[in-house]
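Examination of the molecular architecture
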Amino acid sequence: MERHGVLVVGGGLAGLRAAVEAKLSGADVAVLSLVYPMRSHSVAAQGGINAALGNADPTDSWERHAFDTIKGADYLADQDAVEEYARDAIERVLELDRWGVPFSRTEDGRIAQRPFGGAAFPRTCYAADHTGHAVMHTLYQQSLRLGITFYDERVALKLVKEGERVVGVVAMNLRTGELESYAARAVVMATGGAGRIYARTTNSHHSTGFGMALAYWAGAPLEDMEFIQFHPTTLYGTNILISEAARGEGGVLLNNRGERFMARYAPEKMELAPRDIVARSIYREVLEGRGFEGEYVHLDITGLGEDRIMERLPQIWELALKFAGVDARYEPIPVQPGHHYTMGGIDTDKHGRTEVPGLYAAGECACVSVHGANRLGGNSLLECVVFGKRAGESASSDAASASDPPSGPFEEAEREVEAWIGRLVERGGEERAENPYHLRAEMQRVMWEKVGIFRDEEGLSAAVAELKSIRKRYWEGAGVRSGGKTFNVALYDALATGGMIDVALAVASGALARRESRGAHYRTDYPRRDDENWLKHTLARFTPDGPVLEYRPVVITRWPPRERKY
Ligand SMILES: Cc1cc2nc3c(=O)[nH]c(=O)nc-3n(C[C@H](O)[C@H](O)[C@H](O)COP(=O)(O)OP(=O)(O)OC[C@H]3O[C@@H](n4cnc5c(N)ncnc54)[C@H](O)[C@@H]3O)c2cc1C
């Protein structure tokens, strides 16, 4: 059994930032990750990271950043958390700069900032259109420099508890297929988003939400899961992201009549209205017959000119060429909305603590909440560094006064996981076994069709019922054909599917209960925001029969809810 002071599960931006902080504050730190850190989804982030540096416009301020975030969130964000987040942002981004992130620069050498949706000023700092890649390289280098231990290609399958306290994880080593125990005084979940519960998503294959499920099963509630961000512009065919930077730099959206249709929906902000509004507008254009092939609209960046495209948006140009055969310098890019971001997640306070002792969370798998009902572009990388740092700090300081866990609970947890794997492999030989990939695909279809951009009572009730039946079929009948040990991806996928179904059920149940429209959650049968009844966070607690929902008031400090207009 391996033992550490702080164990971080997940090697993406939030995980690395938490690990660096815990290490700097003196803890013995290890990162356990399903993939090599540099293959985490954070590396795919394109557009940038927000901080009110005021380099593009000196009148920008952290208060203005906080307000834009709260308005973007449709007033569901906790305002105390957002204030601290927007204030910390400046120092966190300057720190990244000092650590070596090659940010794009202004003529006079300061960090350049570009306009992004829902922001009053150009506030998004960037490294061309591969910001995540640049930030991740720098943090990984810092992690290696500090001597943090890495356990790569290990998948956490269970959080181990001693009484009420989380004391480590049982993981499977993908190279050997063996189960391994990792004891720690503090465990930080940083396992990323849950995009793969949807049929169309910009997220990578390992953004399953499995880590959220592990925390949920261990007793931590999931907060605001019904708020799922659909990105307006994903490449038609593969749903690869076409960054908001394309619109930030001046790209326009056109329907099949050649109209800049955003004029109908957000006459002032046009293409730079927040994502939920742009995504719904595109969907509506397509539904009403003004799309192409009944599926997509055009994103036209030809007006920027070749030089600017190749300087500012080289990756977008390359993605469109490779994956859609479109040369964006001369022709429009076909785009449609797709799942992009999971606003909800493991419920934490402003310091990354969950309500379960010994368990912390940060990054996309967590919900603080600063994004509320709709996250603004550039605010998520920022969340990873602001709250990753804070979670690392809390974990390290709590670990200093905690005692080392005993080994008893690990033996029992390993036996439970073994039994789960054993059942899957045993049933694999049976003719009638349910194929986990089919169950996963059914779940993804249900989520896209019934818990998607437009929702209503009928669709959502049907979704909850179908997900419950998929869940039953999984636990009673799923089987994996191959019992191989080395990189048994089918087995790993089957295990993750069990977690994904419960996460999907939390999303659908929260959406069914919330009879209003707010941010990304749009109910055609309740099209208005209802502050009287619904200005509150959803907390889902796990039970095998489906989530039990509770509610908690939103923290309002200085910005009383107003109508959200762009
Ligand atoms: C295409 C794309 C572009 C984006 N662009 C931007 C942008 O420009 N600006 C912005 O602010 N945001 C952007 N976002 C959002 C942002 O990138 C993510 O929210 C953020 O990077 C998530 O970081 P994370 O550390 O929480 O998770 P991730 O980077 O997803 O890392 C999760 C880690 O957890 C590990 N893991 C998962 N499950 C387990 C398990 N069970 N056991 C062990 N390890 C596990 C994985 O191996 C991985 O290392 C973008 C997102 C996408 C998909």
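Just so it is clear, the model here is predicted, and its values are computed rather than measured.

**What to know about the nonpolar core**
- Leu159, Val169 and Met189 are the most contacted members of the largest nonpolar core, which has 83 residues in total.
- It is helix H15 (residues 489-513) that provides the largest number of residues to this core, a total of 14 residues.
- The residue makeup of this core includes at least three contributed by each of domain 1 (2-227 + 341-399) and domain 3 (408-548).
- Those residues in contact with Val169 that sit more than four places away from it in its chain are Leu7, Val9, Leu32, Ala156, Lys158, Leu159, Val160, Glu180, Ser181, Tyr182, Val187 and Phe410.
- Of all hydrophobic cores here, the second largest spans 59 residues; its members include Phe67, Ile70, Ile111 and Ala134.

**Some words on the sheet that holds strand E3 (residues 49-50)**
- The strand order across the open sheet built from three strands is E3-E5-E4, with neighbouring strands paired in antiparallel fashion. Each edge of the sheet is formed by a strand with only one pairing partner; in this case those strands are E3 and strand E4 (113-114).
- Note that E4 and strand E5 (residues 124-125) share two bridges and pair antiparallel. Note on E5: the bridge partner recorded for Gln113 is Cys125.

**A closer look at empty space enclosed by the protein**
- Applying the stated criterion across every chain yields a total of two cavities of 30 Å³ or more.
- There is about 40 Å³ of room inside the largest cavity.
- Residue lining of the largest cavity: Trp420, Arg423, Leu424, Arg427, Tyr474 and Trp475, and that is the complete set.
- For the lining of the largest cavity, the elements supplying multiple residues, two or more each, are helix H12 (408-428) and helix H14 (457-477).

**Points about the domain arrangement of the chain**
- Segmenting the chain into domains produces domain 1 (2-227 + 341-399), domain 2 (232-337) and domain 3 (408-548).
- For domain 1 and domain 2, the distance between their C-alpha centres works out to 28 Å.
- The partner domain 2 presents 26 residues to the 20 residues of domain 1 that form the contact.
- Here domain 1 packs against domain 2, burying approximately 1700 Å² in sum over the two surfaces, 46% of which is carbon and sulfur.
- The largest contributions to the domain 1 side of the interface with domain 2 come from Gln46, Asp129 and Arg200, which together make up 35% of the buried area.
- Where domain 1 touches domain 2, the interface holds two salt bridges.
- One salt bridge in this structure joins Arg200 and Glu295, with 3.6 Å as the shortest N-O distance.
- Where domain 1 meets domain 2, there are nine residue pairs in polar contact (both at pLDDT 80 or more).

**Quick look at the pairing of strand E2 (residues 29-33)**
- Within E2, five of the five residues are buried, which leaves it mostly tucked inside the rest of the structure.
- Relative to E2, strand E1 (residues 2-9) runs parallel, the two being bridged by four bridges. Bridge pairing links Leu7 to Ala30 in E2.
- What joins E1 to E2 is helix H1 (residues 13-24), and the crossover it makes is right-handed.

**Things to note about the layout of surface pockets**
- Taken as a whole, the second largest pocket holds about 600 Å³ of empty space.
- Forming the walls of the second largest pocket are 20 residues, and the residues nearest its centre are Ile277, Arg280, Tyr522, Pro527 and Arg564.
- At four residues, helix H8 (residues 275-287) tops the list of elements feeding residues into the lining of the second largest pocket.
- Grouping the amino acids of the lining of the second largest pocket by side-chain chemistry returns seven nonpolar, three polar and 10 charged.
- Domain assignment of the residues forming the lining of the second largest pocket places at least three in each of domain 2 (232-337) and domain 3 (408-548).

**What about helix H5 (residues 210-217)?**
- Of all eight residues that make up H5, seven are buried, and the element is covered over most of its length.
- Among the residues of H5, Phe210, Gly211, Met212, Ala213, Leu214, Ala215 and Tyr216 are the ones counted as buried.
- One or two positions beyond H5, positive phi appears at Gly219, with a value near 110 degrees.

**Quick notes on the packing of aromatic side chains**
- Within this structure, the stated rule accounts for 17 aromatic pairs.
- Where Trp534 meets Tyr551, the ring centres are 5.4 Å apart and the plane angle is 80 degrees; that geometry is what we call edge-to-face. Here the residue Trp534 occupies a position in helix H16 (residues 531-534), and Tyr551 occupies one in strand E19 (residues 548-553), the gap between them amounting to 17 residues.
- Stacked on the ring of Tyr341, the Lys or Arg Arg375 has its end atom at 4.2 Å from the ring centre.

**Remarks on the site of the ligand**
- By nearness alone, 38 residues border the ligand, and Ser40, His41, Ser42, Glu364 and Ser380 come closest of all.
- Take Leu381: an N or O atom from its main chain is 2.7 Å from an oxygen atom of the ligand.
- Taken by itself the ligand offers 1000 Å² of open surface, and the protein chains cover 98% of this.
- Among the elements of the structure, H1, E2, strand E7 (154-162), strand E14 (333-342) and helix H11 (379-401) are those that each provide at least two residues to the shell around the ligand.
- Considering only residue class, the shell around the ligand consists of 16 nonpolar, 19 polar and three charged.

**A short note on the environment of Thr342**
- By secondary structure assignment, the location of Thr342 is in strand E14.
- The residues contacting Thr342, other than those within four sequence positions of it, are Gly193, Ala194, Gly195, Met212, Met225, Phe227, Ile228 and Glu364.

About the thresholds
Residues numbered from 1 in each chain as written. Predicted model: local features only at pLDDT ≥ 70, side-chain atom pairs only at ≥ 80, totals over all residues. Heavy atoms only, no water. Core = buried A, V, L, I, M, F, W, Y, C linked by side-chain atoms within 4.5 Å. Buried < 20%, exposed > 50% of the residue type's maximum accessible area, 1.4 Å probe, protein only. Helix = DSSP H or I, 4+ residues; strand = E, 2+ residues; numbered from the N terminus. Domains from an automatic or database assignment. Contact = heavy atoms within 4.5 Å. Pairing = 2+ DSSP bridges. 1 Å grid on protein atoms, 1.4 Å probe; cavity = no way out; pocket = protein on both sides within 12 Å on 5 of 7 lines; lining within 4 Å. Points joined across faces, edges and corners; volume = space filled by probe spheres on them. Buried area = accessible area lost by both parts, 1.4 Å probe. Salt bridge = Lys/Arg side-chain N within 4 Å of Asp/Glu carboxyl O. Polar contact = N/O pair within 3.5 Å; in protein donor to acceptor, adjacent residues only side chain to side chain. Right-handed = clockwise from strand over helix to strand, strands pointing away. Nonpolar A, V, L, I, M, F, W, Y, C, P; charged D, E, K, R; others polar. Phe/Tyr/Trp six-rings, centres within 6.5 Å; stacked < 30°, edge-to-face > 60°. Lys NZ or Arg CZ within 6 Å of the ring centre and 35° of its normal. Near = heavy atom within 4 Å. Areas by Shrake-Rupley, 256 points an atom, 1.4 Å probe, with all protein chains shown as cover.

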